[in-house]
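Here is what each chain is made of, one letter per residue.
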Amino acid sequence: MTAELDIWLLITAHPDDESMFFIPTLRNLLCLDYKNDSNDSQKPNIHLLCLSNGDYRDVSDGPVRTKDFYKACSLIGIDGSKSSDASSVVVLDDDRLKDGPNEVWNSDLIANTVVERLQTILSSKQQQSTQQQQQQINVNFITFDQGGVSGHPNHVDVFRGIKHFLDEKCHVVRGDDEKLMARLILKQQADTNGQDDKSNHTEVNLRVLALQTISNPLYKYFLWIFVELLPIFLIWLVQVLLYTIYLLLGGFLFSKKGNRSISFSRMNGKHLRCRLFDPVLVWMAMAAHSSQFVWYRRLSVLFSRYTYLNDLHELAIDPTLLSEEEEDEDALPPVNTIEEDSSSPKFLLSNAQMVALREAVLPIGLHHRPWKRIYSLSRDGDSFVSFEKHITNWNAKFGDSSTLLVVKTTKGEVIGGYADAIATSSPRPGTARSCLFRAEKDGSFTVYDGKQNSLGTFFEGSPHRLKSGGTEGSSKKILLDSTRRIIAFGGGLGMKSGDGFGLCLEDGFARGTTARCEAFCNEPLVEGDGVFDVLDVEVYGFVFGQLIYDNGR
């Protein structure tokens, strides 16, 4: 039997971040019920790591704010003792991680710091554990999202450091439920014989929960009260009423002193909402940071949404990082790609993703064809003229215009489209083989091919095919317009009200849009309002016969 050890690690930038933003989350975690190997209740494993001591104004502020931090943590309910490195609460004093809006924190340094802290925590837990059975260790990071909650540059750097940790320090595997998960292998003390003993390695399952930034100050401090706080307040009143009745009926004889505030958490998929109606606790915790508890922060404690509500979302795992050893032995044959020189950037798609797209959208006649990267934004630059030249030369030289467009956004989303004919400056109709696709967070692909109410979801290595159909005509076209410098899928004639291009790249490939499109019967390919920033773009062609190419271009 394998026992589970759950560890929660809150990673912040400054002393007072934990009190200003994360108390609803921390208090809800403290209410979790854990059992040890003797079936006795025990406190959850909650740890705090503050990456700076807050000495922005003066070096002497560092020790003072550190002391305040430990006091605030004790008020929240987390052990604030600082007797050793194994303490649940740690504040760093590192000259490379100085507090300040003009300071830039190195992502790799943050990632390495987190690894060291995690090793210390696990070493302490293993020494304390009396269990002889194998443990499955689950570590949950809690931190800021890409907006930094308040927009402070140090907060944003913490998110980037944790994202770097997730992408560079971990490897991606498939869990028992086929979902992608991040796993970290930590090496403990070396074997006495100097050999690499697997028993000295600890495997840790990881997930990162990021606190959602509320960018609208009017909603964050005022409107949310009417939308979200009133229901919480009514629940609190009911709780107080019931507890009063309980006391009147003699319950005080059996009651124990404890927390009377209302707390509630709910996990919905990869979204966690934590509620807490205890502004007095938040006030006391912030008051412990006496040098920071100025008048506007007092108002913030009373009215800020973060005093009462925390919305956290789990960071998505990049499926391109899936470990090769985790690929199914019965998987379909890999896609052959034309080799490029060593200076060329890596492909945006992993081979497993290429296989999934091949099975999902390509005609059977292209299944055995090698893929050639015709164009890459990071390799060939953002010149639209250069892009059009690469596409035109490929079509003229090899006589086939079947093309796969892949776009990666700055948020890590992978979207794109396939067409067996891409127009040049003048638009032309696409065929039934035109389609749009979107990579899902679980590693599958959703394909929109223009068939009304018909879309297919394909997992990496899926042996099934989508039988593509759809409406032909002038509305289902692939446009490459050098005058307006855009690439667009769908749109044009036959568009319904509210429709737009299914996928459009513009502004020198820096920006793109996606909307519902009658031609492909698709939903917007990205979350939000359909507008996205482009990180990279690639176009693939399919090789027929003997390919003669110059240096991979």
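In what follows, the structure referred to is the one given above.
Described below are features of the structure shown in this document.

Analysis parameters
Residues numbered from 1 in each chain as written. Predicted model: local features only at pLDDT ≥ 70, side-chain atom pairs only at ≥ 80, totals over all residues. Heavy atoms only, no water. Core = buried A, V, L, I, M, F, W, Y, C linked by side-chain atoms within 4.5 Å. Buried < 20%, exposed > 50% of the residue type's maximum accessible area, 1.4 Å probe, protein only. Helix = DSSP H or I, 4+ residues; strand = E, 2+ residues; numbered from the N terminus. Phe/Tyr/Trp six-rings, centres within 6.5 Å; stacked < 30°, edge-to-face > 60°. Arc of directions from axis to C-beta. Contact = heavy atoms within 4.5 Å. Pairing = 2+ DSSP bridges.

**A word on the nonpolar core**
Then comes step 1: Formed by 74 residues in total, the largest nonpolar core has its most connected members in Phe141, Phe165 and Leu206.
Then comes step 2: It is helix H4 (residues 107-128) that contributes the most residues to this core, 8 residues altogether.
Then comes step 3: Core analysis: the second largest hydrophobic core is formed by 31 residues, Tyr375, Tyr448, Phe489 and Phe509 among them.

**A word on the packing of aromatic side chains**
Then comes step 1: This structure, assessed with the given rule, holds 17 aromatic pairs.
Then comes step 2: Between Phe22 and Phe144, the aromatic rings sit 5.5 Å apart at their centres with planes inclined by 65°, giving edge-to-face as the arrangement. Of this pair, Phe22 sits in the loop between helix H1 (17-21) and helix H2 (23-30) while Phe144 sits in strand E6 (residues 135-144), placing them 122 residues apart in sequence. By the burial criterion, Phe22 is buried, and Phe144 matches it.
Then comes step 3: Seen from their ring centres, Phe277 and Tyr308 are 5.8 Å apart, and the 35° between their planes marks the pair as tilted. Here Phe277 is found in strand E11 (residues 271-277), whereas its partner Tyr308 is found in the loop between helix H9 (295-303) and strand E12 (309-314), with 31 residues between them in sequence.
Then comes step 4: Among the aromatic residues, those joined into a ring-pair cluster are Phe21, Phe22, Phe144 and Tyr306.

**Here we look at unusual backbone geometry**
Then comes step 1: Residues other than glycine seldom take positive phi values, yet Val149 does so here, at roughly 65°.
Then comes step 2: For Cys521, which is not a glycine, the phi torsion comes out positive at approximately 55°.
Then comes step 3: Counting through the fold element by element, Cys521 comes out in the loop between strand E23 (511-513) and strand E24 (531-542).

**Here we look at helix H8 (residues 279-288)**
Then comes step 1: Among all positions in H8, only Leu281, Val282, Ala285, Met286 and Ala288 are buried. Taken down its axis, H8 places every buried residue within 150° of arc, on the same side.
Then comes step 2: Buried positions along H8 lie against H1, H2, helix H3 (61-76) and H9.

**Here's the deal with the pairing of strand E14 (residues 403-409)**
Then comes step 1: The buried count for E14 comes to 7 of 7 residues, which makes it a mostly enclosed element.
Then comes step 2: By the alternation rule, side chains of E14 split into Thr403, Leu405, Val407 and Thr409 and Leu404, Val406 and Lys408, which are all buried.
Then comes step 3: Linking E14 back to strand E15 (residues 414-419) in an antiparallel pair, the connection comprises 4 residues, with Gly412 at a positive phi of about 90°.
Then comes step 4: With 6 bridges connecting them, E14 and E24 associate as antiparallel partners. Counted as the bridge partner of Lys408 is Asp536 from E24.

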